[in-house]
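# A look at the structure
Chain by chain, the residues run as shown.
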Amino acid sequence: MFGVCNLAIIPLRVEPNDKSEIVSQVLFGEHFKILEQLKQWSRIKMQFDGYEGWIDSKQYQSIAESSYDLLSEDQIILNSDLVEYITGASNLLIPIPLGSSLSFINHMEMNKSNFDFEGTKVNGVKDKKNLIKTAFLYLNAPYLWGGKTPFGVDCSGFTQMVYKLNGYKLLRDASQQSTQGEALSFIEESEPGDLAFFDNEEGNIIHVGIIMENNYIIHASGKVRIDRLDHLGIYNAEINKHTHKLRVIKKII
């Protein structure tokens, strides 16, 4: 069994319960495999990054395996504006956030609601220097555990979506993303767009941000913000102290 998100945003939870922790979000147009079904809940595996969790069974559209395969083979087409609108029959209007996928509305057999989109789109692989420009679209977005949009985003959701909008694939969590790419020995070797990872006292990767020029970093902590980066970690000038301890810098592209 397979499905596609036909709403703006749906929560992806740890357990099949409305009170359960939201670990990620499924944005409009993202497709997935259904691993298990209960009366009201479905456990899914996202096609893009393999992330798993539970969603409300009322909040998606079922699709055939052939449609899932077709979407998986298609070039990813994304909404590139902060908010755009999906229109449809009977004056249907759905606002969708930055990074929503538009591929499935191009296929008649899946587009049962006659969805249409006339907004700005992005697809294909972009130059690495475009990553920072994209990151600025999320500047001042509030921190939200599990979030993936400019209306609420966590640190790894931020980095994943910035890379996705530029045609690159990152895994979902910071600890997973830290397994990708090539490790650099020094900050001085890094380029804008590289990722910096930070750990806790137990040595677990708990935070990630995108390196900018001149030893700055853009990251989601309270909100998407810009701070200084040095060999110790992230230095917040507003409170005059380091807030995150640097573990490793990775060159993904």
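This write-up is about the structure you can find in this document. Because the structure is predicted, anything quoted here is derived from the model rather than measured.

Within the span of helix 1 (residues 65-73), buried status applies to Ser67, Tyr68 and Leu71. Projected onto a plane normal to the axis of helix 1, the buried residues spread over an arc of 100 degrees and lie on a single side. In this structure, helix 1 carries Ser66 and Glu73 as exposed residues pointing more than 90 degrees from its buried face. Of the surrounding secondary structure, the elements contacted by the buried residues of helix 1 are strand 1 (2-4), strand 4 (31-37) and strand 7 (61-63).

Considered as a void within the structure, the largest pocket measures approximately 260 Å³ in volume. Along the walls of the largest pocket sit 16 residues, with Trp145, Ser156, Asp173, Ala174 and Ile206 positioned nearest its centre. When contributions to the lining of the largest pocket are tallied by element, the ones reaching two or more residues are helix 3 (155-164), helix 4 (174-177) and strand 17 (205-211). Of the residues forming the lining of the largest pocket, the biggest block, three residues, is contributed by strand 17. Taken together, the residues of the lining of the largest pocket break down into nine nonpolar, three polar and four charged. If you add up the space inside the second largest pocket, you get close to 190 Å³. Around the second largest pocket sit 14 residues that line it, and His31, Gln47, Phe48, Ile76 and Ser101 are the ones nearest its centre. When its residues are assigned to classes, the lining of the second largest pocket shows five nonpolar, six polar and three charged.

Rules behind the numbers
Residues numbered from 1 in each chain as written. Predicted model: local features only at pLDDT ≥ 70, side-chain atom pairs only at ≥ 80, totals over all residues. Heavy atoms only, no water. Buried < 20%, exposed > 50% of the residue type's maximum accessible area, 1.4 Å probe, protein only. Helix = DSSP H or I, 4+ residues; strand = E, 2+ residues; numbered from the N terminus. Arc of directions from axis to C-beta. Contact = heavy atoms within 4.5 Å. 1 Å grid on protein atoms, 1.4 Å probe; cavity = no way out; pocket = protein on both sides within 12 Å on 5 of 7 lines; lining within 4 Å. Points joined across faces, edges and corners; volume = space filled by probe spheres on them. Nonpolar A, V, L, I, M, F, W, Y, C, P; charged D, E, K, R; others polar.

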